[in-house]
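Report on the structure
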Amino acid sequence: MSSAFDRARARADALSHAGAMLEAFERQFGSIESLRADPIEWLHSSPEFELRILEPNAPKPIGAPDCAVDGCYLGGPIPPRIGVGESVRARMNFTALHELGHHVQRTTDQLADALGERDDIGLALEERACDMFAAQILVPEEVAHDELGEATPSATAVVALMARVPQASRAVVVIRAAKNLASDGHVALLDEYGLVGASSSRGAFGLRTGSDQTATEVWTAVRARPGQVVHTRSRFAYGGILAGETMYTQAAPVPGTHLTVIVAATERVPWEFSVYAPHFDSYGYFWTCERPGCGHEFRVTKPACATCGKPECERCGKCGCGGSLAEFTCSKCTFVRSPAEASETPGVCNECV
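Read on for an overview of the structure. Just so you know, these numbers come straight off a predicted model, no measurement behind them. (Residues numbered from 1 in each chain as written. Predicted model: local features only at pLDDT ≥ 70, side-chain atom pairs only at ≥ 80, totals over all residues. Heavy atoms only, no water.)

Regarding the sheet that holds strand β3 (residues 81-85)
Hydrogen bonds along the backbone pair up the strands of a sheet, which may run parallel or antiparallel. Heads up, the rule is: Pairs of strands are assigned from DSSP output, requiring at least two bridges between the strands. In this description a helix means any DSSP run of H or I spanning at least four residues, a strand means any run of E spanning at least two, and both kinds are numbered starting from the N terminus. Angles here are taken between N-to-C directions and fall from 0 to 180 degrees, while the axes themselves are lines fitted to C-alpha atoms, restricted in helices to the stretch in contact.
Taken in spatial order, the 3 strands of this open sheet run β1-β3-β2, and their pairing is mixed. Edge positions in the sheet fall to β1 (50-54) and β2 (71-74), since each of these pairs with one other strand and no more. Ignoring which end each strand starts from, the neighbouring axes of this sheet average 15° apart. Strand direction decides the pairing type here: β1 and β3, joined by 5 bridges, are parallel. For Leu-51, the partnering residue across the bridge sits in β3 and is Ile-82.

Some thoughts on the pattern of salt bridges
Definition in use: Salt bridges, as used here, are contacts in which a Lys or Arg side-chain nitrogen is within 4 Å of a carboxyl oxygen on Asp or Glu. Between buried and exposed lies partly exposed: a residue is buried under 20% and exposed over 50% of the maximum accessible area for its type, with that area taken using a 1.4 Å probe on protein chains only.
A complete count under the given rule lists 13 salt bridges for this structure. A salt bridge links Asp-13 to Arg-118, with the shortest nitrogen-to-oxygen separation between them at 2.6 Å. Of this pair, Asp-13 sits in helix α1 (residues 4-29) while Arg-118 sits in the loop between α5 (109-116) and α6 (123-138); the two residues are 105 residues apart in sequence, bridging distant segments of the chain. Since its relative accessible area comes to 11%, Arg-118 is described here as buried. Glu-147 serves as the salt-bridge partner of Arg-164, at 2.8 Å between the closest nitrogen and oxygen. Remark: Glu-147 occurs in helix α7 (residues 141-148) and Arg-164 occurs in helix α8 (residues 155-164); sequence separation between them is 17 residues. By relative accessible area, which is 23% here, Glu-147 ends up partly exposed. Ionic contacts of the salt-bridge type, sharing partners, join the residues Arg-9, Asp-13 and Arg-118 into one network.

A short note on helix α9 (residues 170-178)
For clarity, the cut-off: The contact criterion used is simple: two residues touch if any of their non-hydrogen atoms lie within 4.5 Å.
In terms of burial, α9 is largely enclosed, as 7 of its 9 residues are buried. Tucked inside the fold, the buried residues of α9 contact α4 (89-106), α6, α7, α8, β4 (185-190) and β5 (196-202).

Section: the pairing of strand β6 (residues 230-238)
The two faces of a sheet get side chains in turn, since along a regular strand they alternate between them. Both β6 and strand β7 (residues 241-253) contribute to a ladder of 8 bridges, which runs antiparallel. For His-231, the partnering residue across the bridge sits in β7 and is Gln-250. If you look at the hairpin formed by β6 and β7, you'll find 2 residues sitting between the two strands, and Gly-239 has a positive phi there, around 60°.

Focus: the nonpolar core
As a reminder, the rule being used: Put simply, buried Ala, Val, Leu, Ile, Met, Phe, Trp, Tyr and Cys residues joined by side-chain atoms within 4.5 Å make one nonpolar core.
In terms of nonpolar packing, the biggest core is built from 64 residues, with Leu-100 and Val-261 touching the most fellow members. Element by element, the count of residues in this core is highest for α6, at 9 residues. With near-sequence residues (within four places) excluded, Val-261 lies in contact with Ala-155, Val-158, Val-159, Met-162, Ala-188, Leu-189, Gln-250, Ala-251, Ala-252 and Val-254. Grouped together as the second largest cluster of nonpolar side chains are 15 residues, Leu-190, Leu-207, Val-218 and Ala-264 included.

Following this line, the structure appears as structure tokens:
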């Protein structure tokens, strides 16, 4: 099992690792163009592999490692065996390339050594790099550049790229689009119920597949203007709680589906003037009320006050607005005290009354 640190490090290193995988593939097998045209046919006709199409939800063969996609790779048999779950062709293409990525990493000394040096023996990096490897093959760089540009893309640009590369699944396009994020953020695909179908993030904690985003500001905007492109400031849901930084967010519908593409970033977005304005809601943490005479400790569950940046106390109902919240020197003990240590007697701490 990979730790949060291992997963964060994998997100940072996956792109360069996937680039090394592409170079290793071309050294061993030649150009990627025929592989890009039809990954399933390429594997089927290659004497280097045995391709097996698996029935939907079929159990994976004994010895096949857990994997993020509906497929498997077994390097022990000769030739190595790649299993791909039967599905729509675009999804099968991604699965096939993901599993091929496992083969490339495990049979290239330099790549295998890079995995072995990690605390989790490279489990997190291997999975994420396989996704990036598949995305870079299925989405030609020149096409991605035409639609996405070089910086953070708009949600409408991501939708346009999906239309340009029908051989790639929408999840692959999400992964490729996230490569362009110029600041911390997310590219995500939500279904009609507001659940995450696919996502890829930079810097920020990733959005778990299947997580419910219906409580977010951006989903509220989507529901208010169905079928339209909308943009707002939004946080995202983690474990049912809105948390993290408030980001500039745009959402666009995918034509002919009930899906919505969302692009979010902390700054430098193309759809509006945007500068970094740090705003982080530490939900779930404890806060001690600084109002004189209160000092109540409570768990923060609501957004902080937009004026003073402090949460509203659940006992006295006050935030940091109004009244003196500065430190004071007790007139009896002469110690410098915090506002929470003030008694009802002016200038006297609660230990001296």
